[in-house]
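# Summary of the model geometry
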Amino acid sequence: MGKLQDRVAIITGGASGIGAATAKLFVSEGAKVVLVDLNEEKGKAFQEELQAQGAEALFVKANITSEEEVANVFKETTNKFGKVDIVFNNAGIGRVHSSHDLDYSEWRNTVNVDLDGVFLVAREAIRGMLESGGTIVNTASMYGWVGSPGSAAYNAAKAGVINLTRSLALEYAEKNIRINALCPGFIDTPIIPEESKKELSSITPMKRLGKAEEMAKAVLFLASDDSSYMTGNSLTVDGGYTAQ
Ligand SMILES: NC(=O)c1ccc[n+]([C@@H]2O[C@H](COP(=O)([O-])OP(=O)(O)OC[C@H]3O[C@@H](n4cnc5c(N)ncnc54)[C@H](O)[C@@H]3O)[C@@H](O)[C@H]2O)c1
């Protein structure tokens with residue numbers, strides 16, 4: 001029996017990168033997955049790929065910054081699978097930009113997706129888990145712990161996700177809702193520009209980028225009973241970067 005046998009997992013940013021790798025691993029552990037993403041083409045194609053392998057999968061298009069669309073994700077999930085056990089709150093965006101040239105609208109957009117959107121998904125998840133409990137894994141970043149030039153909005157939002165995780169975890173610990181975060185280092189997904197990969201590998205102690213599949217294993221740990229006494233934790237998986 002899989003570690004997530006018959007559990008229902010919502011995965012935001014599920015069409016690509018870390019979210020997609022996690023969906024594959026969750027399915028292999030017996031979960032039913034709901035892929036949430038802005039990218040409908042990629043999301044639907046991935047849903048079909050998983051279904052062709054015999055998995056129970058559903059794609060729901062949603063923007064995590066919309067309260068209505070987030071509520072609809074949970075409604076569609078309950079309609080299809082009857083419950084929500086796990087939420088991998090993972091969708092996010094990142095751009096590198098000098099802060100003195102950063103438009104306020106660009107700042108707002110980054111914080112809106114990377115922090116507000118994470119809150120909106122967590123809030124809806126918690127509303128549904130108050131009676132039965134559940135697990136939530138938020139994707140922060142190693143740049144929630146340390147700074148870097150050119151990513152002030154992203155780094156501020158990700159630091160926010162780490163303390164949002166602690167605060168929500170404390171608020172709902174007695175309700176049997178465990179809430180933890182994943183803090184990835186540089187991971188080889190479409191969010192990292194091809195031309196930056198060599199440089200980012202060279203500044204990582206392990207001298208390589210992480211793989212999305214390596215993040216998925218950490219998410220499985222945080223989402224499953226293997227981490228049953230953990231809440232409010234932010235787990236860093238970064239090839240040693242923040243140990244420097
Ligand atoms: N790859 C890295 O190096 C790295 C490092 C640290 C943290 N992260 C975080 O990991 C998470 C996943 O990123 P990834 O590396 O898999 O990148 P990715 O670009 O492959 O995947 C992100 C997915 O989120 C979706 N998305 C973006 N905005 C959305 C919105 N408003 N509503 C719904 N979906 C939206 C995108 O369409 C995309 O499919 C992000 O939160 C990112 O900040 C990534």
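Refer to the structure printed above.
In this text, all values refer to a predicted model and were calculated from it rather than measured experimentally. (Residues numbered from 1 in each chain as written. Predicted model: local features only at pLDDT ≥ 70, side-chain atom pairs only at ≥ 80, totals over all residues. Heavy atoms only, no water.)

### Quick notes on the site of the ligand
Inspection of the region around the ligand gives 27 residues, with Ser-16, Ile-18, Asp-37, Ile-187 and Thr-189 positioned closest. In the model, an oxygen atom of the ligand is placed 2.6 Å from a nitrogen or oxygen of the Thr-189 side chain. Protein burial of the ligand: of its 840 Å² of free accessible surface, 92% is covered by the chains. Given that more than half its atoms are within 2 Å of the pocket grid, the ligand belongs to the largest pocket. Taken together, the residues of the shell around the ligand sort by class into 15 nonpolar, 10 polar and two charged. (Near = heavy atom within 4 Å. Polar contact = N/O pair within 3.5 Å; in protein donor to acceptor, adjacent residues only side chain to side chain. Areas by Shrake-Rupley, 256 points an atom, 1.4 Å probe, with all protein chains shown as cover. 1 Å grid on protein atoms, 1.4 Å probe; cavity = no way out; pocket = protein on both sides within 12 Å on 5 of 7 lines; lining within 4 Å. Sits in = over half its atoms within 2 Å of the grid points. Nonpolar A, V, L, I, M, F, W, Y, C, P; charged D, E, K, R; others polar.)

### Let's talk about the sheet that holds strand β7 (residues 234–237)
The strand order across the open sheet built from seven strands is β3-β2-β1-β4-β5-β6-β7, with neighbouring strands paired in parallel fashion. With one partner strand each, in any of the chains shown, β3 (57–61) and β7 form the two edges of the open sheet. Taken over all neighbouring pairs, the strand axes of this sheet differ in orientation by 20° on average, direction set aside. Here strand β6 (residues 177–184) runs beside β7; their pairing, made up of four bridges, is parallel. Directly across from Leu-182, in β7, lies its bridge partner Leu-235. Most of the contacts of helix α2 (residues 40–52) go to β3, to which it runs at about 170°, and overall it touches β2 (32–37) and β3. Helix-sheet contacts for helix α4 (residues 104–129) involve β1 (8–12), β4 (86–89), β5 (134–139) and β6, and the interaxial angle to β4 is about 175°. (Pairing = 2+ DSSP bridges. Helix = DSSP H or I, 4+ residues; strand = E, 2+ residues; numbered from the N terminus. Axes fitted to C-alpha atoms, helices over the stretch in contact; angles between N-to-C directions. Contact = heavy atoms within 4.5 Å.)

### Here we look at the packing of helix α3 (residues 67–81) against α4
In the contact formed by α3 and α4, the axes pass within 10 Å of each other and the chain directions differ by 40°. Between α3 and α4, the angle is such that the two are oblique. For the pair α3 and α4, the sense of crossing is right-handed. Where α3 approaches α4, its residues Glu-67, Val-70, Ala-71 and Phe-74 are matched on the opposing element by Leu-120, Val-121, Arg-123, Glu-124 and Ala-125. Within the contact of α3 with α4, the residues separate by chemical class into six nonpolar, no polar and three charged. (Parallel < 35°, antiparallel > 145°, perpendicular 65-115°, else oblique. Left-handed = near helix turned anticlockwise from the far one by under 90°.)

### A closer look at the pattern of salt bridges
Per the counting criterion, the structure on display carries 13 salt bridges. Taking the shortest distance from any N to any O, the salt bridge between Glu-49 and Lys-24 comes out at 3.6 Å. Of this pair, Glu-49 sits in helix α2 while Lys-24 sits in helix α1 (residues 17–28), and the two are 25 residues apart along the sequence. The partly exposed category is assigned to Glu-49, whose relative accessible area is 36%. (Salt bridge = Lys/Arg side-chain N within 4 Å of Asp/Glu carboxyl O. Buried < 20%, exposed > 50% of the residue type's maximum accessible area, 1.4 Å probe, protein only.)

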